[in-house]
Amino acid sequence: MERAENNDSAGQYIQLPIALLHEWSSAATFAMAVEITAKWLPHLIEGTLASVALFNDDHTELELFPLDLDREFPFPTRVPLEYTSLSEVVRSGSVLHTPDISASSLPEAGPLSQLGIKSGLCAPLVSSGKCFGSLNISRTEVDAFSDDEVANFTGLAEVLGATLSRLQQLETERNLATTDSLTGLANRRSMLDLLSVSLNESPETTHVLFLDLTGFKQVNDAYGHHTGDEMLRRIARRLESECSPRHRVGRMGGDEFLVLCGEDTCQTSARDLGKQLIDAATKPLEIGSVVLQPRLSVGVATNAGGQTGISDLLAQADRAMYRAKRSNTTVVEVDDELRREGELVARIDRELERAVADDEIEFFLQPVRDIRTGEILGAESLVRWNHPVAGFVPPPLLIERAEATDRIDMFTTWAIDKVAEMLTATRRLNPAYHDKQFAFNLSPRQLGWSDYVETHVAALERHGLIASDILIEVVESGMIEVETTAESTIRALASHGVHISLDDFGTGHNVISYFSRFPIDAIKIDRSLIAAMVDNPTVRTVVKGLTQIATELNITALGEGIETQHELDACIEVGMTVGQGYFLGRPLPFDAFNELLAVEFPGQRCANAA
Ligand code: C2E
Ligand code: MG
Ligand code: MG
């Protein structure tokens, strides 16, 4: 690069835009264009301490992009604007020409004079009437800038200002198109683009982490969208600060985040990163007066064999994340079983509506018995989908897919009606069943549906049932530490007289608190505890304690998943009176269940009831 030999700046101005534009065109960002401008300034006009200054929006601070070929830049590059003469440029909106710095009252006159700087020029960079920065240069002689030079320098600043502001605008538009406006992370589109590049360039080493917040809807419901938004922003910051710059973090929408691991990541380090992210993101979060305990699940997927496309890879990561959520763990990696499950999932997603319409989905009924006398006291309805080709669809997977594809409300409306209809038919067939209930399972998401109470009540009415005829089973571990729509639904149902039972009791945290928190009628002590208490006296003592507390509170304690005589004996020994499990009766199709009732309540069957 040649330094300008004389002050014939008009000729230089022609060269400047060409050289500048050449470099600008390869500059990826506005900030780079600013640096390039600063670099070119001394080529245009002889001087020293050339710089471009950018001001923040409220004109309180400036950032300097210095370039001087002869000397180190002697000032800090980020300073309050009011401590500099540039505040005068902002105020006046015109060029500040100081022919004799030592005789001036500039705030930086002292340090500049010490450096031998005698005169200076600062011209505003203006966009849409607003000064967003300045172009600066100085000389070591007093009164060194001619009138022509001052005028040309001002003109140069005008051109640069207009061009830089256009560049900034383009960059903002580009950012808006690729950035998630709430969190500032890369948005879905941008992440898909990056993923596509990664799959093309390094297919064998593309790893993604799919993260999902549990209970986010409940936080929104309980504390409002403002808190929900802030929670997402803060989680985004935590994820970002935990990832090194070679990984990319993006928000895929809602409460879902994606991390695309850098090229040199191996499978083990992707998994470790998942754990690290969970540790960082699940620390308690204080938002205003609320302290939230975020919960996240991560699915880790690798482009195994280099065969996977974007949507397959994301679907696999999503599946792994769901499995993590379902199994109450945090990080799950895609394995062969999950890949196979992916095929079943695709089929469920395609065929759920048809299967409901065709009555291919049905409910089995599993007896609930008095464990001392063996008498059937009621039954739990359990959804069954035996797909003609794919075979048995696990109920939790069916519910999960209905939720994930937003067909859960449709399913729930159909399901409660079906179960109500089955109860009425059972009572017609077996009058001995007239005072017994069916239990109906509802996931937290189903309970979070604001129309559920109305739907439930309408189904009961349609089939001539009263509130206590259908008991609702709620998974205790699905609740979080805040009042939620699901909780309001439970309270509303209870106020209608619906009985509430806490399912899988003992698997969540802080289980005792549920006794006082919900209007519950029964707890179903989880199968894992029932199995463990046979050989483990400590577990038995805990279960005994839970049973006693429940009984004192007039809450029925039911033993779930009783599979052996030993387990049954243990349940009786700790004071339970009600139980359910393969040992007491498997879930049965409607007809078989009614046959069983006919056998167990002989002489009470209504011959022509069907
Ligand atoms: P859950 O409500 O705790 O239901 C009990 C599960 O344990 C049932 O599995 C039942 O078949 C099984 N089971 C019963 N006795 C025994 C036993 O002695 N040993 C063993 N190993 N298992 C036993 P299923 O039908 O596969 O349902 C699994 C879960 O799926 C249910 O757990 C429930 O959370 C959910 N689910 C089932 N049907 C529905 C439904 O209609 N709606 C909703 N939201 N969830 C449902
Ligand atoms: Mg249940
Ligand atoms: Mg259960």
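Please refer to the structure placed before this passage.
Everything in this summary refers to the structure shown in the same document. For clarity, every value in this text was computed on a predicted model and none was experimentally measured.

Calculation rules
Residues numbered from 1 in each chain as written. Chains lettered and ligands numbered in written order. Predicted model: local features only at pLDDT ≥ 70, side-chain atom pairs only at ≥ 80, totals over all residues. Heavy atoms only, no water. Donors = N, O, S within 2.8 Å, 3.2 Å for Na, K, Ca; no water. Helix = DSSP H or I, 4+ residues; strand = E, 2+ residues; numbered from the N terminus. Buried < 20%, exposed > 50% of the residue type's maximum accessible area, 1.4 Å probe, protein only. Phe/Tyr/Trp six-rings, centres within 6.5 Å; stacked < 30°, edge-to-face > 60°. Pairing = 2+ DSSP bridges. Axes fitted to C-alpha atoms, helices over the stretch in contact; angles between N-to-C directions. Contact = heavy atoms within 4.5 Å. Core = buried A, V, L, I, M, F, W, Y, C linked by side-chain atoms within 4.5 Å. Near = heavy atom within 4 Å. Polar contact = N/O pair within 3.5 Å; in protein donor to acceptor, adjacent residues only side chain to side chain. Nonpolar A, V, L, I, M, F, W, Y, C, P; charged D, E, K, R; others polar. Patch = residues over 30% accessible without salt bridge, like charges linked within 9 Å, V, L, I, M, F, W, Y side chains within 5 Å. Areas by Shrake-Rupley, 256 points an atom, 1.4 Å probe, with all protein chains shown as cover. Salt bridge = Lys/Arg side-chain N within 4 Å of Asp/Glu carboxyl O. Expected span 1.5 Å × (residues − 1).

Let us now look at the coordination of the magnesium ion (ligand 3). At the metal site, the magnesium ion (ligand 3) is ligated by D503 (OD), D504 (OD), E560 (OE) and E560 (OE), and these contacts range over 1.9 to 2.7 Å. Counting gaps between the donor residues of the magnesium ion (ligand 3) yields the pattern D-D-x55-E. Distance-wise, the magnesium ion (ligand 2) is placed 4.2 Å from the magnesium ion (ligand 3), both being coordinated by D503. Taken together, the positions of D504 in strand β19 (residues 500-505) and E560 in the loop between β21 (556-559) and α20 (565-573) put the pair 56 residues apart, joining distant regions of the chain. Note on D504: relative accessible area 25%, which makes it partly exposed. Judged by its relative accessible area of 12%, E560 is buried.

This part is about the packing of aromatic side chains. How two aromatic rings sit relative to each other is given by the distance of their centres and the angle of their planes. Scanning the entire structure with this criterion turns up eight aromatic pairs. Their ring planes at 50° and their centres at 5.7 Å tell us that F411 and W414 sit as a pair that is tilted. Placement of the pair is F411 and W414 together in helix α13 (residues 408-429), with a separation of three residues, close to one helical turn. Judged by its relative accessible area of 3%, F411 is buried.

We now examine the sheet that holds strand β13 (residues 331-333). The five strands lie next to each other as β8-β9-β7-β12-β13, forming an open sheet whose pairing is mixed. With one partner strand each, in any of the chains shown, β8 (248-253) and β13 form the two edges of the open sheet. Strand-to-strand, the axes of this sheet are offset by a mean angle of 20°, without reference to chain direction. Across the sheet, helix α6 (residues 188-201) lies against β7 (207-214), β8 and β9 (256-260), angled at about 130° from β8, the strand it touches most. Relative to the sheet, helix α9 (residues 267-281) contacts β7, β9, β12 (295-302) and β13, its axis offset from that of β12 by approximately 170°.

Our next topic: the coordination of the magnesium ion (ligand 2). Those donors, E380 (OE), N441 (OD1), E473 (OE) and D503 (OD), are the protein atoms that reach the magnesium ion (ligand 2), and they lie 2.0 to 2.2 Å from it. Take N441: its relative accessible area is 25%, and that puts it in the partly exposed class.

Strand order across the open sheet formed by six strands is β3-β2-β1-β6-β5-β4, with antiparallel pairing between neighbours. Both outer strands of the open sheet, β3 (78-80) and β4 (96-98), are each paired with one neighbouring strand and no more. Taken over all neighbouring pairs, the strand axes of this sheet differ in orientation by 20° on average, direction set aside. As judged from the six bridges shared by strand β1 (residues 48-55) and strand β2 (residues 61-67), these two strands associate in the antiparallel manner. Following the sheet pairing, L54 is matched in β2 by E63. Contacts from helix α2 (residues 30-44) reach β1, β2 and β6 (130-139), with the element oriented near 155° to β1. Here helix α5 (residues 147-178) sits on the sheet in contact with β4, β5 (119-127) and β6, set at roughly 35° to β5.

Counting 77 residues, the largest nonpolar core has I361, F411, F440, I523 and M576 as its most contacted members. Discounting chain neighbours no more than four positions away, the residues touching I523 are S501, L502, F505, F515, A550, I555, T556, A557 and L558.

Among the 24 residues in the neighbourhood of ligand 1, the closest are listed as R384, Q446, D503, E563 and Y582. Taking Q366, its side chain carries an N or O atom lying 3.0 Å from a nitrogen atom of ligand 1. A distance of 3.5 Å separates a nitrogen atom of ligand 1 from a polar backbone atom of S443. Of all the elements in the fold, those that place two or more residues in the shell around ligand 1 are β14 (361-370), β15 (376-387), α12 (395-404), β17 (437-442) and β19. In terms of residues, the shell around ligand 1 owes the most to one element, β15, which gives four residues. Taken together, the residues that form the shell around ligand 1 break down as 10 nonpolar, six polar and eight charged.

Next up on the list: a nonpolar patch on the surface. A contiguous nonpolar patch, built from I512, I549 and L553 and spanning about 240 Å² of accessible area, is present on the exposed surface. By the secondary structure assignment, I549 is in helix α19 (residues 537-552). The exposure class of I549 is partly exposed, given its relative accessible area of 33%.

The α-helix winds at 3.6 residues per turn, so residues separated by three or four positions along the chain end up facing the same way. If you check helix α10 (residues 310-326), its first and last C-alpha atoms are 24 Å apart, about what 17 residues at 1.5 Å a residue would give, namely 24 Å. With its phi angle positive at about 60°, N328 sits one or two positions after the end of α10.

The values reported here are purely geometric and, on their own, carry no functional implication.
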